[in-house]
Amino acid sequence: MDINPIVIFFASIFTSNIVLTNFLGMCSYLSISKDLKSSWGLGQAVIFVMATTTILNFLVYKYILVPTGLEYLRYIVFIIIVAAFVQLIEMILERFMTNLYYALGIFLPLITVNCAILGVALFMVIREYTFLQSLAYGVGGGIGWALAIVALAGIREKVDETKVPKGLQGPGFALIVTGIMAMAFIGLSGIANIQ
Amino acid sequence: MNSEIKAITEKDLWTENPVIRQILGICSALAVTNLMSNTLIMGLGVTFTTAFSSMTVSALRHVIPTRIRMMVQTLIIASYVIIVDIVLKAYMPEVSANLGPYVGLIITNCIIMGRCEAYGQSNPPGLAFFDGLMSGLGYTMVLMFISVIRELMGFGTLFGIPILGEWWTRWTIMVMPASAFFVLATIIWVVQARQSKESV
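What counts, and at which threshold
- Note that residues are indexed from 1 along each chain, following the sequence as it is written.
- Labels follow written order: the first chain is A, the first ligand is 1, and so on.
- With pLDDT at 70 or above as the cut-off, local features in this predicted model cover only qualifying residues; side-chain atom pairs require 80 or more to be listed or tallied, and sums for whole chains, interfaces and linings still use all residues.
- The secondary structure listing takes helices from DSSP runs of H or I that are at least 4 residues long and strands from runs of E that are at least 2 residues long, numbered from the N terminus.
- In this treatment the radius of gyration is a C-alpha quantity, and the globule benchmark scales as 2.2 Å times the residue count to the 0.38 power.
- In this scheme every C-beta is placed from the backbone, and a residue whose C-beta has 20 or more other C-beta atoms within 10 Å is buried, one with 12 or fewer is exposed, and one in between is partly exposed.
- Contact between two residues is assigned when their C-beta atoms, built from the backbone, lie within 7 Å.
- Residue classes follow a fixed rule: Ala, Val, Leu, Ile, Met, Phe, Trp, Tyr, Cys and Pro count as nonpolar, while Asp, Glu, Lys and Arg count as charged, and any other residue, Gly among them, counts as polar.
- Only the stretch in contact is used when fitting a helix axis, every axis being a line fitted to C-alpha atoms; angles between N-to-C directions are given from 0 to 180 degrees.
- Angles below 35 degrees are treated as roughly parallel, those above 145 as roughly antiparallel, those between 65 and 115 as roughly perpendicular, and all remaining angles as oblique.
- In this scheme the handedness of a crossing depends on how the near helix is turned from the far one: anticlockwise by less than a right angle means left-handed, clockwise means right-handed.
- Helix span, expected: 1.5 Å multiplied by one less than the number of residues in the helix.
- pLDDT: the predictor's confidence for each residue, scored from 0 to 100.

Some details on the overall build of chain A
Okay, step 1: Helix and strand counts for chain A come out as nine helices and zero strands.
Okay, step 2: Here chain A has a C-alpha radius of gyration of 17 Å; the compact-globule value for 195 residues is 16 Å, and the two agree.
Okay, step 3: Projected onto its principal axes, the C-alpha positions of chain A cover 60 × 45 × 25 Å.
Okay, step 4: Counting every position in chain A, which comprises 195 residues, the buried fraction comes to 45%.
Okay, step 5: Counted over contacts in chain A with a minimum sequence separation of 6, partners at least 24 positions apart contribute 82%.

And the structure:
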């Protein structure tokens, strides 16, 4: 796996977007995308947490789990790292940056159970990324997720007034919009491929 | 006791089906449904994990301190997922490679946490096990339905066996991620439209 980190960065935003091609983080993606402001808040929180925890997970996996032969414990270790890190960030924000805490605070607990964070860490292990590649993938993956949720929220706000068949309201409609977005993103897939 | 079991079955399989009614566990529902054999294994893995973690949470419910119960539940779930992962790697390496990270992602599947929290936490272990089993089967049922549509139209096969023959033009879109969104959305649409008719 010898791919330039810059290629990975752009590919994880556009061609291998974790929502539109890997279906990660769908739960919060569908439920928080009703208005632009909160979806952008969640998006920022995801970018930050994904970038930092991917690096942490990479270091722990490479320098603790692999040398001791405990790779099979990675699920437990990764989820603990993510949960503990999010908890820590929440406490730091509450203490030192109150404004930011009120802007992002409510989204942070949601992130622990966002499968995109764990998914990126697992993809990183499976694809055997190096340090720089993992960094690029973590940051790019977060930006890609934020891009997808903000785009969906924007579309949902615009079509809010439109008449939609009763059974399709809510999640059904969001899924169809996402499907169309996924088709649009297929158009970019010639640029780079990391799958 | 019998009526309780019947009520759970009906609720988990249909009236409160985790995927189509509660929109939970969507990630894996979309990701693994392009081939039926993958879907079946994934469904069994989730059913196993849901049933046993719900039972374990229920058995330990008087011991776990309330404040840290989420963390404990996550660890219980993760332990069962590791069992699933190791068994798959040993006996079905091909399926395990196909499913990739989605086996590990069973941990963050909201259905399992939801059942532990909503049912296991306040009911005896036997019933919790049964409730988890039925929720898992409800999830598997919907996934199998999606994957039948996707595999039949995308490859013309079911479980890898050719069904439709040479004349069938394969719908490439059904193999691609976008179709997963459309198929699931259509199923949710039909079910919710039926439901709103029933309630009127």
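Some details on the interface of chain B and chain A
Okay, step 1: Taken residue by residue, the interface counts 34 residues in chain B and 32 residues in chain A.
Okay, step 2: Of all elements in the fold, only α2 (26-31), α4 (69-91) and α9 (177-199) of chain B reach the threshold of two or more residues within the side of chain B that touches chain A.
Okay, step 3: It is α9(B) that provides the largest number of residues to the side of chain B that touches chain A, a total of 13 residues.
Okay, step 4: Along the lines of polarity and charge, the residues of the side of chain B that touches chain A split into 28 nonpolar, six polar and no charged.

Overview of the packing of helix α3 (residues 36-68) of chain A against helix α8 (residues 131-158) of chain A
All names here are of chain A.
Okay, step 1: Remark: α3 packs on α8, axes separated minimally by 8 Å, with the N-to-C direction vectors making an angle of 165°. With respect to α8, the element α3 is oriented roughly antiparallel. As α3 runs across α8, the sense of the crossing is right-handed.
Okay, step 2: Residues belonging to the contact of α3 with α8 are distributed by class as follows: 19 nonpolar, nine polar and one charged.

Observations regarding helix α4 (residues 74-96) of chain A
Okay, step 1: The terminal C-alpha atoms of α4(A) lie 32 Å apart, and with 23 residues this matches the ideal 33 Å at 1.5 Å per residue to within 8%.
Okay, step 2: Among the residues making up α4(A), those that are buried are R74(A), Y75(A), F78(A), I79(A), V82(A), A83(A), V86(A) and I89(A).
Okay, step 3: Those residues of α4(A) hidden inside the fold are in contact with α3, α6 (108-112) and α7 (115-126) of chain A together with α4 of chain B.

Section: the packing of α4(A) against α7(A)
All names here are of chain A.
Okay, step 1: Between α4 and α7, the least distance of the axes is 10 Å, while the angle of their chain directions is 135°. The pairing of α4 with α7 is recorded here as oblique in orientation. Considering how the two elements wind past one another, α4 and α7 form a crossing that is right-handed. Together, R74, F78, I79 and V82 of α4 and I117, L118, A121 and V125 of α7 make up the contact between the two elements.

Re the environment of M50(A)
All names here are of chain A.
Okay, step 1: Relative to the helices and strands, M50 is located in helix α3.
Okay, step 2: Taking C-alpha positions, M50 is 8.9 Å from V82, a pair spaced 32 residues apart along the chain.
Okay, step 3: If sequence neighbours within four positions are ignored, M50 has contacts with A116, I117, V120, G138, G141 and G142.

Section: the confidence of the model for chain A
Okay, step 1: Overall, the predicted model of chain A reaches an average pLDDT of 86, with 96% of residues at or above 70.
Okay, step 2: When pLDDT is averaged over each helix and strand of chain A, the minimum, 73, is found for α6(A) and the maximum, 93, for α8(A).

Notes on unusual backbone geometry
Residues and elements named next belong to chain A.
Okay, step 1: Phi angles above zero are rare outside glycine, and F23 is one such case at about 55°.
Okay, step 2: Relative to the helices and strands, F23 is located in the loop between α1 (5-13) and α2 (26-31).
Okay, step 3: Positive phi, close to 55°, is recorded for E128, a residue that is not glycine.
Okay, step 4: Within the secondary structure, E128 is located in the loop between α7 and α8.
Okay, step 5: Of the residues examined, E128 has 8 C-beta atoms within 10 Å and is grouped as exposed.

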